[in-house]
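One-letter residues, chain by chain:
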Number of protein chains: 2
Amino acid sequence: MLLYDSPVSGNCYKVRLLLAQLGLDYERHEVDVIDRSGRAELLGDLNPAMRIPTLILDDGTPLAESNAILWYLAEDTEYLPGEKVARAKVLQWLFFEQYSHEPHIAMLRYWLSIARTAPPQSRIDAMRAGGFAALQAMDRHLSRSAFLVAERYTIADIALYAYTHVAHEAGFDLSEHPAVSRWLARVAAQPQHIPIDA
Amino acid sequence: MLLYDSPVSGNCYKVRLLLAQLGLDYERHEVDVIDRSGRAELLGDLNPAMRIPTLILDDGTPLAESNAILWYLAEDTEYLPGEKVARAKVLQWLFFEQYSHEPHIAMLRYWLSIARTAPPQSRIDAMRAGGFAALQAMDRHLSRSAFLVAERYTIADIALYAYTHVAHEAGFDLSEHPAVSRWLARVAAQPQHIPIDA
């Protein structure tokens, strides 16, 4: 398999982390996340949104969207439950991550720590408020559960770990979310865990 | 089943449309999408993001995120393929919808046609550009395929139909996206189709 990848992207890290835990080999093709010229030529036929990660399967089929890739790789493994309601809850958290978490925490990290060119203050304020609300929602849930779904480590935890564990790079203070902090340590202690810069 | 619902929400319409096509009965509890006070009391224990739709299953289990609800309801029906790559492609388009389409087209429709209190012009411009790019990506794909995945009607089509068919309420001109316009007609012609205001 070939992964169109960036070492600083949490969305790409999700896929690298699961591939490591599954013990699967793959090649990496690094894509620039700041200079986006050339994206149409590189990814236009592979990914409607021209984003990374994009995974090319061994038969040449391209697969886009980090959380769809996680689901594809985790199917029939210990990282995705087989029970119907538990599977729907995994998906619920995957969509929560892409709608209520990533656009705030990952985008603010991108502007402040990667691109280093800040958007207007009103956008920063909106991302801070949205990110804080997402962390609060996670903290409330994780104060009652060891993991996000079914009391076990799943791709829901992988998806939300990716940008939560670097939320301080977006200026968020995780000490305000103690159940999230304890959960981050549980996720990092899973077998075959790798860091984002591996 | 009980659906926390709004008649103007495309995210809720997705669920109502699939429930109609599956022939399933349910109750509707209308939730205000403009006045969001009281959301924590109403949905705080049911939905981490406190959004609608939220579906309460017959055993009392709450399920959040429109596209996770679609997946749960469509599993083992004609609206979700059984083949692994096709399922991943359905998920790819569901995540595309929530990340690259809904935040632009649905949000702009909300501000211009529902709340009628516009955000700053820079936000409007960003939503117009993002929405146009999403419609272009769909148009490119649909110029080669009758439906989004596997040449058949699936929940990927339902999810993207919901806000695309009312994109004119956000000021988008669908005549600029002819393959999308033809696909909208194909989706509306499916058996047991219902309109958003049904």
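Source: prediction; values computed, not measured. (Residues numbered from 1 in each chain as written. Chains lettered and ligands numbered in written order. Predicted model: local features only at pLDDT ≥ 70, side-chain atom pairs only at ≥ 80, totals over all residues. Heavy atoms only, no water.)

A. The side chain of A:Lys14, seen in detail. All names here are of chain A. By secondary structure assignment, the location of Lys14 is in helix α1 (residues 10–22). What makes Lys14 buried here is its relative accessible area of 0%. A polar atom in the side chain of Lys14 sits 2.9 Å from the side chain of Asn11. (Helix = DSSP H or I, 4+ residues; strand = E, 2+ residues; numbered from the N terminus. Buried < 20%, exposed > 50% of the residue type's maximum accessible area, 1.4 Å probe, protein only. Polar contact = N/O pair within 3.5 Å; in protein donor to acceptor, adjacent residues only side chain to side chain.)

B. Expanded view of the interface of chain B and chain A. Each partner contributes residues to the interface: chain B has 37 residues there, and chain A has 37 residues. When the buried surface of chain B facing chain A is broken down by residue, B:Pro48, B:Phe95 and B:Tyr99 rank first, second and third, together holding 22% of it. Summed over the shared surface of chain B and chain A, the number is two salt bridges. At the junction of chain B with chain A, the criterion picks out 12 residue pairs in polar contact (both at pLDDT 80 or more). By residue number, the principal contributor to the side of chain B that touches chain A is helix α4 (residues 84–115) of chain B, which donates 17 residues. (Contact = heavy atoms within 4.5 Å. Buried area = accessible area lost by both parts, 1.4 Å probe. Salt bridge = Lys/Arg side-chain N within 4 Å of Asp/Glu carboxyl O.)

C. Examining the packing of aromatic side chains more closely. Counting across every chain of the model gives 12 aromatic pairs over all chains. Where A:Tyr79 meets A:Tyr153, the ring centres are 6.0 Å apart and the plane angle is 85 degrees; that geometry is what we call edge-to-face. Here the residue A:Tyr79 occupies a position in the loop between α3 (66–74) and α4 (84–115), and A:Tyr153 occupies one in the loop between α5 (121–142) and α6 (155–164), the gap between them amounting to 74 residues. On the basis of relative accessible area, A:Tyr153 is assigned to the buried category, the value being 7%. With centroids separated by 4.1 Å and ring planes inclined at 15 degrees, the aromatic side chains of A:Phe95 and B:Phe95 adopt a geometry described as stacked. In this pair, A:Phe95 is assigned in helix α4 and B:Phe95 in helix α4, connecting two distinct chains. For the pair formed by A:Phe95 and B:Phe95, the shared burial category is buried. An aromatic cluster is present here, built from A:Tyr79, A:Phe147 and A:Tyr153 joined pairwise through their rings. If you follow A:Arg36 out to its NZ or CZ, it ends over the ring of A:Tyr110, 5.8 Å from the centre. Of note, B:Arg51 hangs over the ring of A:Tyr99, and the distance from its end group to the ring centre comes to 3.9 Å. (Phe/Tyr/Trp six-rings, centres within 6.5 Å; stacked < 30°, edge-to-face > 60°. Lys NZ or Arg CZ within 6 Å of the ring centre and 35° of its normal.)

D. Quick look at the domain arrangement of chain A. Residue and element names in this part refer to chain A. Looking at chain A, the domain boundaries give domain 1 (2–74) and domain 2 (84–188). Summarising the inter-unit geometry, the C-alpha centres of domain 1 and domain 2 are found 20 Å apart. Taken together, the contact between domain 1 and domain 2 spans 19 residues of the former and 19 residues of the latter. For the pair domain 1 and domain 2, the summed buried surface comes to about 1,500 Å²; carbon and sulfur atoms form 63% of the total. When residues of domain 1 are sorted by the area they lose upon contact with domain 2, Lys14, Asn67 and Trp71 head the list and together hold 34% of the total. Linking domain 1 to domain 2 there are two salt bridges. (Domains from an automatic or database assignment.)

E. Region of interest: the pairing of strand β1 (residues 2–5) of chain A. All names here are of chain A. Note: β1 against strand β2 (residues 27–30), four bridges, orientation parallel. The partner of Leu2 across the bridge, within β2, is Glu27. For the segment spanning β1, α1 and β2, crossover handedness is right-handed. (Pairing = 2+ DSSP bridges. Right-handed = clockwise from strand over helix to strand, strands pointing away.)

F. Highlighting the side chain of B:Gln92. Note on placement: B:Gln92 falls in helix α4. Residue B:Gln92 is classed as buried on the basis of its relative accessible area, which comes to 3%. Dropping the residues within four chain positions of it, B:Gln92 is found in contact with A:Pro48, A:Pro62, A:Leu63, A:Ala64, A:Glu65 and A:Ala68.

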